[in-house]
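# Structure at a glance
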Amino acid sequence: QVQLVESGGGVVQAGGSLRLSCAVSGRTFSRYAMDWFRQAPGKEREFVAGIISAGSIKIYADSVKGRFTISRDNAKSTVYLQMNSLKPEDTAVYYCAKESTAWVRRENDYWGQGTQVTVSS
C-alpha cells in the first residue's frame, strides 16, 4: 500500500515563503512522476506542478511559474514544493499525488491527505 504524507503547511504573510514536503512509502518512488495540486475553498482542485521520475523535467501551472519550484530526492522518497513570493490567492489545501507512470500525465493513483497553506495580506 502506498502512503503519501505531506508536511510544511502553515500561515505566512504575503511575500513570504514555505516549503512543502511529501514523503512516500510503499512503492519504488524513483519509478514514478509526482505532482502537487491545490484546492481553495469553493474551487475545484487544480494542478500546481509536476516532476518526472528522473527529476529532469518539471511542469508548472502558469499561476505559479517563477515563484514555485518542485524537486525530488529519490534517495529519501520525498518530493518538495518550494513556494516563494506567496500571494493571498495561493491560500489552499495542497496535496501531493503519485503518477501511475514515470511521466507527468495527471494520471494519479495515490494522494496525500493535504496540508493547509494560508497566506495573509
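Our structure is the block above this text.
Conventions we followed
Residues numbered from 1 in each chain as written. Predicted model: local features only at pLDDT ≥ 70, side-chain atom pairs only at ≥ 80, totals over all residues. Heavy atoms only, no water. Helix = DSSP H or I, 4+ residues; strand = E, 2+ residues; numbered from the N terminus. Contact = heavy atoms within 4.5 Å. Pairing = 2+ DSSP bridges. Axes fitted to C-alpha atoms, helices over the stretch in contact; angles between N-to-C directions. Patch = residues over 30% accessible without salt bridge, like charges linked within 9 Å, V, L, I, M, F, W, Y side chains within 5 Å. Areas by Shrake-Rupley, 256 points an atom, 1.4 Å probe, with all protein chains shown as cover. Salt bridge = Lys/Arg side-chain N within 4 Å of Asp/Glu carboxyl O. Buried < 20%, exposed > 50% of the residue type's maximum accessible area, 1.4 Å probe, protein only. Lys, Arg positive; Asp, Glu negative; His and termini not counted. Polar contact = N/O pair within 3.5 Å; in protein donor to acceptor, adjacent residues only side chain to side chain. Phe/Tyr/Trp six-rings, centres within 6.5 Å; stacked < 30°, edge-to-face > 60°.

### As for the side chain of Ser 21
Here Ser 21 shows up in strand 3 (residues 18–25). The contacts of Ser 21, once residues within four sequence positions are left out, are Val 5, Glu 6, Ser 7, Trp 36, Thr 78, Val 79 and Tyr 80.

### A look at the sheet that holds strand 3
Spatial strand order, 1-3-8-7: four strands in an open sheet with antiparallel pairing. Each edge of the open sheet is held by one strand with a lone partner, namely strand 1 (3–7) and strand 7 (68–73). Here the strands of the sheet are splayed against their neighbours by 15° on average, with no regard to which way each runs. Here strand 3 runs beside strand 8 (residues 78–83); their pairing, made up of six bridges, is antiparallel. From the neighbouring strand, Ser 21 faces strand 8, where its bridge partner is Tyr 80.

### Quick notes on a nonpolar patch on the surface
Where nonpolar side chains cluster on the molecular surface, the patch consists of Ile 57, Ile 59 and Trp 103 and spans about 270 Å² of accessible area. Note on placement: Ile 57 falls in the loop between strand 5 (46–51) and strand 6 (58–60).

### Focus on the pattern of salt bridges
Counting across every chain of the model gives five salt bridges. The salt bridge partner of Lys 65 is Asp 62, with a shortest N-O separation of 3.1 Å. Accessibility classification places Lys 65 together with Asp 62 in one group, the exposed group. Here the salt bridges share partners, and the residues they tie into one network are Arg 38, Glu 46, Arg 67 and Asp 90.

### Notes on the side chain of Glu 99
Note on placement: Glu 99 falls in strand 9 (residues 92–99). At 6.3 Å, Arg 106 is the nearest oppositely charged side chain to Glu 99, a buried residue that forms no salt bridge. Separated by 2.7 Å, the side chain of Glu 99 and the backbone nitrogen of Arg 106 make a polar contact.

### Some remarks on the pairing of strand 8
Within strand 8, five of the six residues are buried, which leaves it mostly tucked inside the rest of the structure. Of the pairings in the sheet, the one linking strand 7 to strand 8 comprises six bridges and is antiparallel in character. Bridge pairing in strand 8 links Arg 72 to Val 79. The antiparallel hairpin formed by strand 7 and strand 8 contains four residues in its connecting segment, where Ser 77 sits at a positive phi of about 50°.

### Structural notes on the packing of aromatic side chains
Both the distance between ring centres and the angle between the ring planes are used here to describe each pair of aromatic rings. Evaluation of the coordinates by the stated rule reveals two aromatic pairs. Measuring from centroid to centroid gives 5.6 Å for Phe 37 and Phe 47, while their planes differ by 80°, and the two rings are edge-to-face. Note that Phe 37 is positioned in strand 4 (residues 34–39) and Phe 47 in strand 5, a separation of 10 residues in sequence. Overall, Phe 47 belongs to the buried group, its relative accessible area being 9%. For Phe 37, a relative accessible area of 8% corresponds to the buried category.

### Some thoughts on the pairing of strand 3
When strand 1 meets strand 3, the two strands line up antiparallel, connected through five bridges. If you follow Ser 7 over to strand 3, its bridge partner there is Ser 21.

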